[in-house]
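Here is how the chains run, residue by residue.
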Amino acid sequence: MSGAFQLTGKRALVTGANTGIGQAIALGLAEAGAHVVAAGRRSCDETVAQIEAAGGSGTALLLDLSDPAAGAARLGEAGHLDILVNNAGIIRRAESQDYTETDWDDVMDVNLKAVFLMCQAFGKAAIARGTGGRIVNIASLLSFQGGIRVPAYTASKHGVAGLTKLLANEWSAHDINVNAVAPGYIATNNTAALRDDPERAAEILGRIPAGRWGDPADIAGAVAFLCMPASNYVTGAVLNVDGGWLAR
């Protein structure tokens, strides 16, 4: 089992790594030994500084996936990559009857189209090299449930789960493992409004068997495992990291 739980010598790119879950994933992969390219539409310098302060290795890359094709076209700037983590995502909330086409397109572009194009660019390079690789897509509880007032987000995250399975089917023969992690309710900026609403926060906590909101580091651990040799036979999986929410 020597090295089965290490990423020494590997090079990973994490999108949306400037804050929250993406930042935690970047830190986790670096702690496991990978050099991490922290990518985001906003500066990831703080993430890289935290990686280096902990003794790891990282670089920052400005990458705006609101233009999915342009973002994927820049993947080569990150250099040789062994690992791709598609974490970047956005959400727009409104009643379905009032949901605008612009909001629909914006969410689908970042959450699904960009994920596919990033995977495609990574996969092409890995297949051409014959070196294999790992892809981890960040899905959601709404890859399994409907949610409320988030039609594009729900559709996109269902799509991420399906795309993950399809790419695993096509690329496992090339030694490219493709998996997803579906976070539950995690304490980040994106859930601040929910946590600040006493009634809604109580409803959420009441359903979580673990009795607490998740920490971004909880997601980082699951992602790191799916990038390690220890998970060599895991592909096409969508791993729920939700404190037991879906088991309720």
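If you're wondering where the values come from, they're calculated on a predicted model, not measured in any experiment.

### A look at the overall build of the protein
Broken down by element type, the protein carries eight helices and seven strands. For a compact globule of 248 residues, the expected C-alpha radius of gyration is about 18 Å, and the protein comes in at 17 Å, within 12% of that figure. Along the longest, intermediate and shortest principal axes, the C-alpha atoms of the protein span 50 × 35 × 35 Å. When the 248 residues of the protein are sorted by exposure, 48% land in the buried category. For the protein, the share of sequence-separated contacts (at least 6 apart) that also reach a separation of at least 24 residues comes to 69%. The distance from the centre of the 19 positive side-chain charges to the centre of the 24 negative ones in the protein is 4 Å.

### A short note on the packing of aromatic side chains
Using the criterion set out here, one finds two aromatic pairs in the structure. Ring geometry for Tyr185 versus Trp213: centroids 5.7 Å apart, planes at 85°, classification edge-to-face. Of this pair, Tyr185 sits in the loop between strand E6 (176–183) and helix H6 (192–195) while Trp213 is found in the loop between helix H7 (198–207) and helix H8 (216–227), placing the two residues 28 residues apart along the sequence. When the centroid spacing of 4.9 Å and the interplanar angle of 55° are considered together, the rings of Tyr185 and Trp245 count as tilted. Here Tyr185 is found in the loop between E6 and H6, whereas its partner Trp245 is found in the segment after strand E7 (238–241), with 60 residues between them in sequence. Every member of this aromatic cluster is reached through a ring pair, and the members are Tyr185, Trp213 and Trp245. The ring of Trp213 has Arg195 lying over it, and the distance from NZ or CZ to the ring centre is 6.0 Å.

### Here we look at the environment of Ala12
If you trace the backbone, Ala12 turns up in strand E1 (residues 11–15). Through-space distance from the C-alpha of Ala12 to that of Arg200 is 37 Å; in sequence the pair is 188 residues apart. Ignoring sequence-local partners within four residues, the contact set of Ala12 consists of Leu29, His35, Val36, Val37, Leu81 and Ile83.

### A closer look at the pairing of strand E2 (residues 35–40)
By the criterion of burial, E2 is predominantly enclosed, with six of the six residues buried. Along E2, one buried face is formed by His35, Val37 and Ala39 and the opposite face, lined by Val36, Ala38 and Gly40, is buried too. When E1 meets E2, the two strands line up parallel, connected through five bridges. When the bridges of E2 are listed, Val14 appears paired with Ala38. The parallel pair E1 and E2 is bridged by helix H1 (residues 20–31), and the resulting crossover is right-handed. The sheet contact formed by E2 and strand E3 (residues 57–62) spans six bridges and is parallel. Directly across from His35, in E3, lies its bridge partner Ser57. This β-α-β element, E2 to helix H2 (residues 45–53) to E3, shows right-handed connectivity.

Conventions adopted
Residues numbered from 1 in each chain as written. Predicted model: local features only at pLDDT ≥ 70, side-chain atom pairs only at ≥ 80, totals over all residues. Heavy atoms only, no water. Helix = DSSP H or I, 4+ residues; strand = E, 2+ residues; numbered from the N terminus. Rg over C-alpha atoms; globule rule 2.2 N^0.38 Å. Buried < 20%, exposed > 50% of the residue type's maximum accessible area, 1.4 Å probe, protein only. Contact = heavy atoms within 4.5 Å. Lys, Arg positive; Asp, Glu negative; His and termini not counted. Charge placed at Lys NZ, Arg CZ, Asp CG, Glu CD. Phe/Tyr/Trp six-rings, centres within 6.5 Å; stacked < 30°, edge-to-face > 60°. Lys NZ or Arg CZ within 6 Å of the ring centre and 35° of its normal. Pairing = 2+ DSSP bridges. Right-handed = clockwise from strand over helix to strand, strands pointing away.

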